[in-house]
Amino acid sequence: MTSANERRLGDRIARELYRDPDYLDDPVLADYVQGIWQPLLAAARQRGDLSAELDERFAWQILLGRDRTVNAFALPGGYLGLNLGLLAVVSSRDELASVLGHELSHVTQRHISRLIAKDSQQTPWVIGAMILGALAASKNPDAGNALIVGGQALSAQNQLNFSRDMEREADRVGFGVMTQAGFEARGFVTMFDKLQQAARLNDSGAYPYLRSHPLTTERIADMQSRLPLGSVHSPQVMTPTTLHAMMAARAQVLSNPGVDALRSWQTLVNDPGLPGQPAAQQAGALYGAALAAIRLRDSAVARGDWQRLQALVGTDPGAAQAVRWLGAEIDLAARDLSLPQTRALATSLGLDQTTADLRRPELILQAQAAMQINQVDTLNTVVQNLQRWLAARPKDALAWQWLASLYAAQNQSLRALRAEAEAQAARLDYAGALDRLKAAQEHVLASGASSTSASHIDASIVDTRLRQITALLKEQTLDH
C-alpha cells in the first residue's frame, strides 16, 4: 500500500472523526499534548525512524475525543486518536509520551499498511469503513456491529489486529523515541501497569482494533530490562508536575460534564484534608473545581477556586501560564465584566499589541475576548494575529472559524465566507467548503461596482480556492 493511498484512507477516517460529537478541539489540552508530541516527532526524525517521504506525506495530527476509556490508537496516514480518559489517568508527561511514542512507531514502521496488505481481497476503502465501524462500536456495540457486517468483513477482523511481533517492535522503537526525546524511561513501565488495569475494566468485547493493546508479562519484562541500571523496576506511580495534574483535571472535567460530576469537584476542594495533600494534587483539584464551576455558570465560585490556585502555583512558569488562561476563561464566561475587568483581561491576553509568538490557547482566548469587547482596535489586532498564525498553520480549523467570526464583526462578509470555507476544508469537509466559496462568489456578484481593489484580490483568492477545493472534492468522491 503506497503512502499516498494510506494518507487518503486516513483522511477518509479523520473526516468522520471530525464530525463525531465526541471530537474535541480544546486549545489548552491540545497545546499540552503538542508539547509532548513534537519532541517525539523530532526524535523519530533524528533516529531515522521517520522517513522524509512519510514526514511530508502524512498528517501527523492527534485527534482528541471525550471518550472516558483509557485508550489511544493509530490510524492510517499519520493520524492518532487520544481519549481524554487516558489523559485523565496518566501520572506524568513521561507516561503519556510512552503511549504516544508507541502509537507513533506503529505508523512509522508502516504496521497499518502492512496489515492491510496481508489481505488482498479487502480494498483499503472497505477496511476504512470497518475502522469507522470499530470507532462506533467502542461507544455503541449495536451501532458498530451494524457497520461490520458480512462474512468477508468479519473474516478480516483478525487481519487488523496488530501482531505480537508488531507490538514488540512498537514497544522497542517507541521506547527509543521517547528516551531520545528526553522523557524518563520508567514512564513506559508504569504506563504498562495502568493499561493492564484499564484493559480489564474497558474490555467489553468491542472490535479489537481499538482495544487497549493486550499486555503480556513478556512485554512488560522487556521494557523493564531496557531501564538503566539501578532504576526502580517496580510499577510505582510517578510524581506528576503541577501542570500535568491540572491538565489531567481538565481532561476529567471535559470528559464527564454531568451536573453531579461537576458539583463533586467543589466537594473535593472543600475537604479539610486537601491542604495535607501534595501541592500538585491540590492544584489539580482546584483547577478542576474552577473549570467545573465555569461549566455550572457559577463565576463567583470559579473565581474563588482560581484565587486559591493562583496562590498555590506561585512562580512555576508552565503552571502559572495555564492558571492565567483559566482566569481568562472565567472572565469570558461571566459576560458581565466591568470596564476595569475588561481592561485587565485585555492586558493579560496581550490585546493591546500584535505579536508573533502567541501560543494557540492565548490566540483563541484573544479571539473570544475581542468578540466580547467589540472595539475596532482590538478586533484589528486579533485579526492580524490570527492571519499571521494561519499563514504558518493553514490546517487550523478552529482558528479559521474564529477569524470568520471576527471578519463578520468587522462587516467584511467576503473574507468571513472565505474563512468559513477554509475551516471546513481543514476538517476535510470539501463539500461544505465548496458551499461557502460559492456563497462568496455570489456575494462578489451582488456587490458589483461597489467592490474595492482589496475586494478584487479577495475575490481572486476565492476563485482560486474554489478550483482547488473542487478538485479535492472530485478526488474524495472517486475514493468512495
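Residue numbers restart at each chain and count upward from 1, following the sequence in its written direction. Since the coordinates come from a predicted model, pLDDT governs what is reported: local features require at least 70, and pairs of side-chain atoms require 80 or more to be given and counted, while whole-chain, interface and lining totals use all residues. Side-chain figures throughout are based on the complete set of non-hydrogen atoms in the structure, without hydrogens or water.

## Things to note about the overall build of the protein chain
Piece 1. Within the protein chain, the regular secondary structure consists of 24 helices and four strands.
Piece 2. For the protein chain, the share of sequence-separated contacts (at least 6 apart) that also reach a separation of at least 24 residues comes to 71%.
Piece 3. Only the protein chains shown count as cover for residues, with accessible areas throughout obtained via the Shrake-Rupley method and a probe of 1.4 Å. Looking at the protein chain as shown, the accessible area adds up to about 21700 Å², and 50% of this sits on carbon and sulfur atoms. Numbering of helices and strands runs from the N terminus, with a helix taken as a DSSP run of H or I at least four residues long and a strand as a DSSP run of E at least two residues long. Two residues form a contact once any of their heavy atoms are found within 4.5 Å.

## Details of the confidence of the model for the protein chain
Piece 1. Values of pLDDT, the confidence the predictor places in each residue, fall between 0 and 100. In the predicted model, the protein chain carries a mean pLDDT of 84, and the fraction of residues at 70 or more is 80%.
Piece 2. Mean pLDDT across the elements of the protein chain bottoms out in helix α9 (residues 151-155) (42) and peaks in helix α21 (residues 397-409) (98).
Piece 3. Low confidence marks residues 143-157, where pLDDT is under 50. Its contacts with residues over four positions away, or in another chain, come to 22 contacts.
Piece 4. A low-confidence stretch, residues 203-212 stays under pLDDT 50, and its non-local contacts, those more than four residues away or across chains, total 26 contacts.

## Thoughts on the nonpolar core
Piece 1. Ranked by internal contacts, the top residues of the largest apolar core, which has 131 residues, are Leu86 and Met246.
Piece 2. In contact with Met246, other than residues within four places in its own chain, are Ala283, Gly284, Tyr287, Leu309, Val313, Ala319, Ala322 and Val323. Put simply, a nonpolar core is a bunch of buried Ala, Val, Leu, Ile, Met, Phe, Trp, Tyr and Cys residues held in one set by side-chain atoms that sit within 4.5 Å of each other. Any residue under 20% of the maximum accessible area for its type is buried, any over 50% is exposed, and the rest in between are partly exposed; the area is computed with a 1.4 Å probe on protein chains only.

## Focus on the sheet that holds strand β4 (residues 79-83)
Piece 1. Strands are labelled as partners when DSSP assigns at least two bridges between them. Taken together, the four strands give an open sheet; going across it, the order is β1-β2-β4-β3, and neighbouring strands pair in mixed fashion. Unpaired on one side and paired on the other, β1 (23-24) and β3 (72-75) mark the two borders of the sheet.
Piece 2. Across two bridges, the pairing between β1 and strand β2 (residues 61-65) is antiparallel. Residue pairing across strands places Tyr23 opposite Gly65, the latter belonging to β2.
Piece 3. Each of β2 and β4 is contacted by helix α2 (residues 27-47), which is oriented at about 140 degrees to β2, the strand it contacts most. Here the axes come from fitting lines to C-alpha atoms, over the contacting stretch only for helices, and the angles between their N-to-C directions go from 0 to 180 degrees.

## Overview of the packing of α2 against helix α5 (residues 93-108)
Piece 1. Where α2 contacts α5, the axes come no closer than 10 Å and their chain directions differ by 50 degrees. Between α2 and α5, the crossing angle belongs to the class labelled oblique. As for the relative orientation of α2 and α5, their crossing is right-handed in sense. Packed against α2, whose contacting residues are Tyr32, Val33, Gly35, Ile36, Trp37, Leu40, Leu41 and Ala44, the element α5 presents Arg93, Leu96, Ala97, Leu100, Gly101 and Leu104 at the interface.
Piece 2. Amino acid classes used here: Ala, Val, Leu, Ile, Met, Phe, Trp, Tyr, Cys and Pro are nonpolar; Asp, Glu, Lys and Arg are charged; the rest, including Gly, are polar. Looking at the contact of α2 with α5 residue by residue, the classes come out as eleven nonpolar, two polar and one charged. Each angle receives one of four descriptions, namely roughly parallel if under 35 degrees, roughly antiparallel if over 145, roughly perpendicular if within 65 to 115, and oblique otherwise. The crossing is said to be left-handed when, going from far helix to near helix, the turn is anticlockwise and less than a right angle, and right-handed when the turn is clockwise.

## What about the pattern of salt bridges?
Piece 1. We define a salt bridge as a contact between a side-chain nitrogen of Lys or Arg and a carboxyl oxygen of Asp or Glu at a distance within 4 Å. According to the stated counting rule, one finds 20 salt bridges in the structure shown.
Piece 2. The residue Arg250 makes a salt bridge to Asp26 at a minimum N-O spacing of 2.8 Å. With a gap of 224 residues between them, Arg250 in helix α13 (residues 242-255) and Asp26 in the loop between β1 and α2 connect regions that are remote in the sequence. Exposure class is identical for Arg250 and Asp26. Each is buried.
Piece 3. Across the pair Glu329 and Arg250 runs a salt bridge whose closest N-O atoms are separated by 3.1 Å. Taken as a pair, Glu329 in helix α17 (residues 317-334) and Arg250 in helix α13 lie far apart in primary sequence, 79 residues in all. For the pair Glu329 and Arg250, one class covers both residues: buried.
Piece 4. Taken together, the shared-partner salt bridges connect Asp25, Arg360 and Asp396 into one network.

## Thoughts on the packing of aromatic side chains
Piece 1. Working definition: rings of Phe, Tyr and Trp (its six-membered ring) pair if their centres are within 6.5 Å, and the pair is stacked with planes under 30 degrees apart, edge-to-face with planes over 60 apart, and tilted otherwise. For the structure shown, the criterion picks out three aromatic pairs.
Piece 2. Judged by centre distance (5.2 Å) and plane angle (90 degrees), the ring pair of Tyr18 and Tyr23 falls under edge-to-face.
Piece 3. Taking relative accessible area as the criterion, Tyr18 reaches 12% and is therefore assigned buried.
Piece 4. On the numbers, 5.9 Å between centres and 50 degrees between planes, the contact of Phe175 with Phe188 is tilted. In this pair, Phe175 sits in helix α10 (residues 164-180) while Phe188 sits in helix α11 (residues 186-202), placing the two residues 13 residues apart along the sequence.
Piece 5. Its relative accessible area of 8% is what places Phe175 among the buried residues.
Piece 6. For a lysine, the NZ atom is tested; for an arginine, the CZ atom; a charge sits over a ring if that atom is within 6 Å of the ring centre and within 35 degrees of the ring normal. Positioned above the aromatic ring of Trp389, the side-chain terminus of Arg393 is 3.7 Å from the ring centre.

## Observations concerning the packing of α2 against α13
Piece 1. Between α2 and α13, the least distance of the axes is 10 Å, while the angle of their chain directions is 135 degrees. With respect to their mutual orientation, α2 and α13 come out oblique. For the crossing formed where α2 meets α13, the hand is left-handed. Residues Val28, Leu29 and Tyr32 of α2 touch α13, and the partners they reach there are Leu243, His244, Met247, Arg250, Ala251 and Leu254.
Piece 2. Within the contact of α2 with α13, the residues separate by chemical class into seven nonpolar, one polar and one charged.

## Topic: the pairing of β2
Piece 1. In terms of burial, β2 is largely enclosed, as four of its five residues are buried.
Piece 2. Strand direction decides the pairing type here: β2 and β4, joined by five bridges, are parallel. Opposite Leu64, over in β4, you have Leu82 as the bridge partner.

## A few points about the environment of Leu296
Piece 1. Summarising the element assignment, Leu296 is placed in the loop between α15 (279-295) and α16 (299-313).
Piece 2. Sequence-wise, Leu296 and Gly258 are 38 residues apart; in three dimensions their C-alpha atoms are separated by 9.8 Å.
Piece 3. If we ignore the near neighbours within four places in the chain, the residues touching Leu296 are Val259, Leu262 and Arg263.

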